[in-house]
Amino acid sequence: MNRRSSLLALLLSLVFAAGAAADEVAAWLELHGLDELLAVHLEAQLDAVDGDEKRELVNRLATIYAHLLESVDDPVRRRVLEERSRRLLTMAPAGGSHGLRLALLRGTYRAAERTAENHRLRLADADDVEDAKATLKSLIPKLNRLLKQTDDHVTVLERRLSRATGTDAIVLAEEVEQARAVHAQCTFHYAWAMYYQAWLLDRPESARVAQRSFGELLDLDAQSPAASDVSVDLRATEPIARCILGYALCRGRVTTSAAADRWLSLLEHERTFAPLREQVPAWRLVILLEHGEFLEARTLLHDLAAGDEPVPLPWLRLAAVHAIEAANRSRFAADLARDAVTRLAARGELEQVYDLAERYGVKALGTSGFALRYVDGVLTYKQARDAHGRDDPTADASVVALYEQAVEHLDAARRERDAERYESAAPDCTRLIAWCRYFQGQLLAARDRFVEAAGLLSGDSAAEALWMAIVCLDRLVEADADNAPLRDELALTIQRFLEEYPGSEHAPKLVLRRVLTTKEVSPEAVEELLSIPSHSDVYDSAQRRAAQILYQLFRDATGGPRMGYGNRYLLVAVPMLVREHDALDPADGTVLQRLLVRSRRILEVSLNENVARLVAARQVLRILGELAEQDPRALAGIEPEIDFRRLRERLLSGDVDEAVAIADRLWRDARDSPWSRLASRALFKDADRRRREAEELGADDRQEVALIAKFGPRLLAEYADDPDALKDRAVLGYHAAVAEAVMAVWQRSADRAAGARALELFRRLLEARPRNARFLRSAALLAEELDDPEFALGCWKQLVAGLPQSSDGWYEARFHFIGLLAATDPERARAVMDQHRALHAGYGPDPWGARLKALDLRLQRDAPTPPPGGAG
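Model, not experiment: these values are computed from the prediction. (Residues numbered from 1 in each chain as written. Predicted model: local features only at pLDDT ≥ 70, side-chain atom pairs only at ≥ 80, totals over all residues. Heavy atoms only, no water.)

Attention shifts here to the overall build of the protein chain. Looking only at helices and strands, the protein chain has 40 helices and zero strands in total. Out of the 872 residues in the protein chain, the part that is buried amounts to 47%. Taking contacts inside the protein chain between residues at least 6 apart in sequence as the whole, the part at least 24 apart equals 61%. Accessible surface, the protein chain as shown: approximately 44700 Å² in total, 50% of it carbon and sulfur. (Helix = DSSP H or I, 4+ residues; strand = E, 2+ residues; numbered from the N terminus. Buried < 20%, exposed > 50% of the residue type's maximum accessible area, 1.4 Å probe, protein only. Contact = heavy atoms within 4.5 Å. Areas by Shrake-Rupley, 256 points an atom, 1.4 Å probe, with all protein chains shown as cover.)

Now the structure itself:
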């Protein structure tokens, strides 16, 4: 038992030690698909059972090993499984082990098949081919015997099924189906083994036997098989599709290529098993080559090359080796050989060309014409590249000379009369000449040839040529920065590349280069950068630049655009931050600083009131918290800023108490920091907003008023030394809000100190806005209660003079004005009241009418009594 099996057995012993029953363990292993472990578990029980129970266990193991042999690719594990399978077969009953026997033979067959297909491409040496022939000679009788055994087994089971009833009939029906499936698989492999023997040993009779077996699987009429008899639906299954292929190949061995092609054409139907349908051209090429129809094979290869997809390398090699071997006997074979070899060279498959030259000799590849010259040029170019060994231009004279020899061969190839026959290779000469000039350091000449090649080539090859023209121009501009024509040509070539090849792997580099060069800050630049795919080498650089531009756009914008730029920025920046954090090396100070800068920007944007992306903000705050835990110095110098961002996040989350606690901590520890002032401003503005909302709803606003009264003065302290501060409408609004809040505190608490602070604020406000009715009224009420009747009287007087008569405010001001005037000049107060009574019948609307009337009665009552007797 190998080490793997020993470990599996040990695991099982631990399971048993835990008290699990054997059947429970087997059921659990089977449920979880642990077939190899299940096999070890069941083998351990073989010695403990006998009779029917043992036969049942052996049959079950045979099924498991057959499945394992199909699924294991590792050769060492496969050998171990084969040894255990053969050991099991010594205990297995005949009928129950057919699947396992076939699985063992199938492994032998596949090794022979692999060698045979390598030989078709001339990739197997002679000894391997002889071994494959010997393997097939030994394998076919074994498959034949198993075929007879499985046939007999099916017959026996079918007889038993015809006599069975009830549950026995159901069980037997399932066994019959399984036995038929094994028999069909055995027939399938027997047929293919016979085909490979027919081909490798040139035995037409073996091909006829194989054809009959394939026909049996396809259910064809043995006397007059017709391609139309094969159901379209069945072609969608891999086994049937491979049977059709086998039948076609056998027909090709014993009849004509046309007869074989009629069957092969069945596989071109759109509902055919797709992987095999895609291989039809290769098998058609095999049949044509076997029949020596090299002109037709060349036409097929030409048609394939004209398609959208490149011809697979094995197909080119297949055509090349078979055509080379027949070149001395057929002009068409020689043409096909040159064509296939040239296409291999044009694809850069120089190792293939070397192998063909070594296997068949250089002369076998051609003696004249474009193909020979081209291959000489390609091989010389390869020799120069090997000697060069680098990707930048060289000054080594010997290497430069090798490149020059390659140019001579390639130039000669382009001048050959038959060059136009090679539609892909001829333009490739220009491309390779361009590369030679580039590696020689002749950048202007290389530029010209690359541009020329870009016009001759197509697809990726054209894109690569134009890209190299850009590389040449870039180097030239770098060496001569004042050369305006070269700079313009470079810009135009880049623009052309992006227009013609936007999907190229180089396009992202050019997009990034253009944006960085122009230093453009625009939505269009962002779109270009974000179009760069994630698999590009410059993806991270493009994302960083896009984030920088979006951040700048966010800061410069207002309103709706600002919110849009902010959200877009977060979509780019947050994933970048997460990637940087995951890959962060704490010792790399540069990367840490970049991460901190990005974190601060993300917090600024995400916590902007127009953006408010709290999930993003919390993610960044979590990352910063982790950094601080790992190294308390990581956030040195920016702690107040981060605290302010935490405060903003708490405010936007509705956690006012925690926001207040953070602001108080900042005020205590970093009072002079701008972040402390911003914290006070944030809490003030948030409280003021909520106070106005509460006022509109008629709700309790005491908490909001208290916060304004607390944080407002901290905000106003910023303007204490600026005599012109109140000329700013916003600053004036701050002062007004604080004054009103402090006044509300005074009204609710009767705190004279609060009242005095409020009055002082309103005095400052009146200096800036002396006719403001709201400021005058508040100042008047405060002054009247705080023993400054003269100032109060002046404020009420201005309100009486300035407010519309008959308004509530005017009546209020009139009442307070007359009342204060009565204390200092009763006579004048009575005169004013008399005037009021005469002009306003009933004194005015309530509540001020009633108050004015009561005041009039008091003035009359307090009036001095006239002296008795009058004048006489």
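This part covers the packing of aromatic side chains. Evaluated as defined, the whole model comprises 22 aromatic pairs. An aromatic cluster is built from Tyr 109, Trp 192, Tyr 195, Tyr 196, Trp 199 and Phe 214, whose rings are joined through pairwise contacts. The side chain of Arg 562 reaches across the aromatic face of Phe 554, ending 4.3 Å from its centre. We note Arg 851 situated over the ring of Trp 848; from NZ or CZ to the ring centre the distance is 4.4 Å. (Phe/Tyr/Trp six-rings, centres within 6.5 Å; stacked < 30°, edge-to-face > 60°. Lys NZ or Arg CZ within 6 Å of the ring centre and 35° of its normal.)

Now for the pattern of salt bridges. Going through the model one piece at a time under the given rule, you end up with 64 salt bridges. Ionic pairing is found between Arg 317 and Asp 355, a salt bridge with its closest N-O pair at 2.7 Å. Taken together, the positions of Arg 317 in helix α15 (residues 313-326) and Asp 355 in helix α17 (residues 350-360) put the pair 38 residues apart, joining distant regions of the chain. Residue Asp 355 pairs with Arg 359 through a salt bridge whose shortest N-O separation is 3.8 Å. With Asp 355 and Arg 359 both in helix α17 and four residues apart, this pair spans about one turn of that helix. Taking the relative accessible area as the measure of exposure, Arg 359 reaches 40% and is therefore partly exposed. (Salt bridge = Lys/Arg side-chain N within 4 Å of Asp/Glu carboxyl O.)

On to the environment of Lys 148, then. For Lys 148, the location among the structural elements is in helix α7 (residues 126-163). On the basis of relative accessibility, which here comes to 48%, the residue Lys 148 falls in the partly exposed class. Along the sequence, Lys 148 and Thr 187 sit 39 residues apart, while their C-alpha atoms lie 9.8 Å from each other.

Further remarks concern the nonpolar core. In this structure, Tyr 374, Tyr 438 and Phe 450 are the most contacted members of the largest nonpolar core, which totals 180 residues. Here the element with the most residues in this core is helix α22 (residues 459-479); it accounts for 13 residues. Setting aside chain neighbours within four positions, we find Phe 450 in contact with Arg 431, Ala 434, Trp 435, Tyr 438, Ala 465, Met 468, Ala 469 and Cys 472. Within the second largest apolar cluster, 74 residues are counted, among which are Ala 663, Val 742, Ala 780 and Leu 852. (Core = buried A, V, L, I, M, F, W, Y, C linked by side-chain atoms within 4.5 Å.)

Relative to the elements of secondary structure, Ser 206 occurs in helix α9 (residues 204-217). For Ser 206, a relative accessible area of 7% translates into the label buried. Once residues within four sequence positions are removed from consideration, Ser 206 is found in contact with Met 194, Gln 197 and Ala 198.

Cis rather than trans, the peptide bond between Asp 846 and Pro 847 has omega equal to 5°. Tracing the backbone shows Pro 847 in the loop between α39 (826-839) and α40 (848-862). Even without glycine at this site, Asp 787 takes up a positive phi of about 65°. Relative to the helices and strands, Asp 787 resides in the loop between α36 (773-785) and α37 (789-802). One non-glycine residue with positive phi stands out, namely Tyr 843, at about 75°. One can find Tyr 843 in the loop between α39 and α40.

Tracing the backbone through its elements, the reader meets Arg 598 in helix α28 (residues 589-606). Assessed through its relative accessible area of 9%, Arg 598 is described here as buried. What Arg 598 contacts, discounting residues up to four positions off in sequence, is Arg 544, Ala 547, Tyr 569, Ala 573, Met 576, Leu 577 and Glu 580.

In this section: the confidence of the model for the protein chain. For residues with low pLDDT, the predicted coordinates do not support detailed interpretation. Per-chain confidence: the protein chain averages 86 in pLDDT, with 88% of residues scoring 70 or above. Between residues 3-20, whose pLDDT stays under 50, and residues either more than four places distant or in other chains, the model counts 23 contacts. (pLDDT = per-residue confidence, 0-100.)

Taking 1.5 Å of rise per residue, 15 residues should cover 21 Å, and helix α20 (residues 425-439) covers 21 Å from first to last C-alpha, within 8% of that figure. Of all the 15 residues making up α20, 15 are buried; the element is thus mostly covered by neighbouring parts of the structure. Within two residues after α20, Gly 441 carries a phi angle of roughly 85°, on the positive side. (Expected span 1.5 Å × (residues − 1).)

Turning next to a negative patch on the surface. Where like charges cluster on the molecular surface, the negative patch consists of Asp 125, Asp 127, Asp 128 and Asp 131. Tracing the sequence through the fold places Asp 127 in helix α7. Its relative accessible area of 57% is what places Asp 127 among the exposed residues. (Patch = residues over 30% accessible without salt bridge, like charges linked within 9 Å, V, L, I, M, F, W, Y side chains within 5 Å. Lys, Arg positive; Asp, Glu negative; His and termini not counted. Charge placed at Lys NZ, Arg CZ, Asp CG, Glu CD.)

Another point: the packing of helix α31 (residues 656-669) against helix α32 (residues 674-697). Each packed pair of helices is defined by two parameters, the angle between the axes and the distance between the axes. Viewed as axis vectors pointing N to C, α31 and α32 meet at an angle of 150°, and their least axial separation amounts to 9 Å. Considered as vectors, α31 and α32 are oriented roughly antiparallel to each other. Crossing of α31 over α32 shows left-handed handedness. Listed contacts from α32 to Val 656, Ala 659, Val 660, Ala 663, Leu 666 and Trp 667 of α31 are Trp 675, Ser 676, Ala 679, Ser 680, Leu 683, Asp 686 and Arg 690. Residue composition of the contact of α31 with α32, by class: nine nonpolar, two polar and two charged. (Axes fitted to C-alpha atoms, helices over the stretch in contact; angles between N-to-C directions. Parallel < 35°, antiparallel > 145°, perpendicular 65-115°, else oblique. Left-handed = near helix turned anticlockwise from the far one by under 90°. Nonpolar A, V, L, I, M, F, W, Y, C, P; charged D, E, K, R; others polar.)

What follows is about the packing of α32 against helix α34 (residues 729-749). Interhelical geometry of α32 versus α34 gives an angle of 65° and a closest axis separation of 11 Å. In terms of orientation, α32 lies roughly perpendicular with respect to α34. Between α32 and α34 the crossing geometry is left-handed. Taking contact as the criterion, the partners of Arg 681, Phe 684, Lys 685, Asp 688 and Arg 691 in α32 are, on α34, Tyr 734, Ala 737, Val 738 and Glu 740. Looking at the contact of α32 with α34, its residues break down into four nonpolar, no polar and five charged.

Let us now look at helix α25 (residues 523-530). Restricting attention to buried positions, one finds in α25 the residues Ala 525, Val 526 and Leu 529. Summarising the axial view, the buried residues of α25 lie within an arc of 100°, below the 170-degree limit, and thus occupy one face. (Arc of directions from axis to C-beta.)

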